[in-house]
Amino acid sequence: MKKPSLTGRDRRALLLGAAIVAAVWLATQGVPRLVRGYQSLRARSESSVRRLAAAREVLADAPLTRDSLGARAQRLVGWAPRLIAGTTRAEAAADLSSLVTGLAARDRVRVVRMTPLPDSAGALFARVGLRIEVTGDITGIGSWLSALEEGDRLLAVRALAAMAPEPAAPAGQAEALRAELTIVGWAAPRAPGRN
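Residues numbered from 1 in each chain as written. Predicted model: local features only at pLDDT ≥ 70, side-chain atom pairs only at ≥ 80, totals over all residues. Heavy atoms only, no water.

Draft legend 1. Examining the side chain of Asp107 more closely. With respect to the helices, strands and loops of the structure, Asp107 is situated in the loop between helix 2 (89–106) and strand 1 (110–116). Polar contacts involving the side chain of Asp107 include one to the side chain of Arg106, which spans 3.3 Å. Setting aside chain neighbours within four positions, we find Asp107 in contact with Gly140, Ser143, Trp144 and Ala147. (Helix = DSSP H or I, 4+ residues; strand = E, 2+ residues; numbered from the N terminus. Polar contact = N/O pair within 3.5 Å; in protein donor to acceptor, adjacent residues only side chain to side chain. Contact = heavy atoms within 4.5 Å.)

Draft legend 2. Structural detail: the sheet that holds strand 3 (residues 155–163). What the four strands build is an open sheet, ordered 1-2-4-3; its pairing is antiparallel. The open sheet is flanked by strand 1 and strand 3, the only strands paired with a single partner. When the angles between neighbouring strand axes are averaged without regard to direction, this sheet yields 20 degrees. With eight bridges connecting them, strand 3 and strand 4 (residues 176–187) associate as antiparallel partners. (Pairing = 2+ DSSP bridges. Axes fitted to C-alpha atoms, helices over the stretch in contact; angles between N-to-C directions.)

Draft legend 3. Highlighting helix 2. Taking 1.5 Å per residue as the helical rise, helix 2 with its 18 residues ought to reach 26 Å, and the 26 Å between its terminal C-alpha atoms agrees with that figure. Ala92, Ala93, Leu96, Val100, Leu103 and Ala104 are the residues of helix 2 that are buried. An end-on view of helix 2 places all buried positions within 105 degrees of arc, on one side of the element. Exposed side chains of helix 2 directed beyond 90 degrees from the buried face belong to Ala90, Ala105 and Arg106. Taken together, the buried residues of helix 2 touch strand 1, strand 2 (126–137), helix 3 (138–150), strand 3 and strand 4. Phi turns positive, to about 55 degrees, at Arg108, one or two residues after helix 2. (Expected span 1.5 Å × (residues − 1). Buried < 20%, exposed > 50% of the residue type's maximum accessible area, 1.4 Å probe, protein only. Arc of directions from axis to C-beta.)

Take a look at the structure:
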């Protein structure tokens with residue numbers, strides 16, 4: 001059997017067919033892939049340029065940020081003596097209780113009842129609070145409240161209710177008051193396991 005031989009015309013037809021198939025494939029598959037790749041590369045490039053600009057901006061602000069953090073750290077250290085003392089929440093509550101009763105005794109206010117508020121866990125600074133019931137005259141209770149809020153510790157009276165158990169006091173005697181209040185202060189106890 002004789003092998004068929006390709007003529008010049010057959011070769012041109014095959015080459016033309018292969019060129020048409022290649023052109024169609026490029027038009028339908030190759031060019032869109034190239035366009036998508038170019039768009040993706042351009043988007044990544046623009047994103048990198050934006051990130052680089054943002055990084056340069058942050059680096060340019062670094063000295064200012066460092067100064068700001070330093071100033072804040074100094075202010076925070078300055079507040080340390082005004083915090084309630086104690087390395088644990090229980091010690092801080094005891095210190096607050098001692099401070100409150102000491103100021104009350106100075107102003108002739110009698111502490112009838114004192115109940116610690118629940119702890120606020122999970123923060124660098126812990127809120128330490130007490131619910132307190134006291135008795136005394138208006139001058140003593142007023143002076144005591146003023147000493148608590150304006151003293152050297154960070155304390156605040158959050159709730160206050162005052163009543164006169166005997167509204168008709170004898171002449172010459174100061175009217176006795178009964179007050180119930182909530183006092184809150186801040187402490188920086190150590191977290192468990194932290195030295």
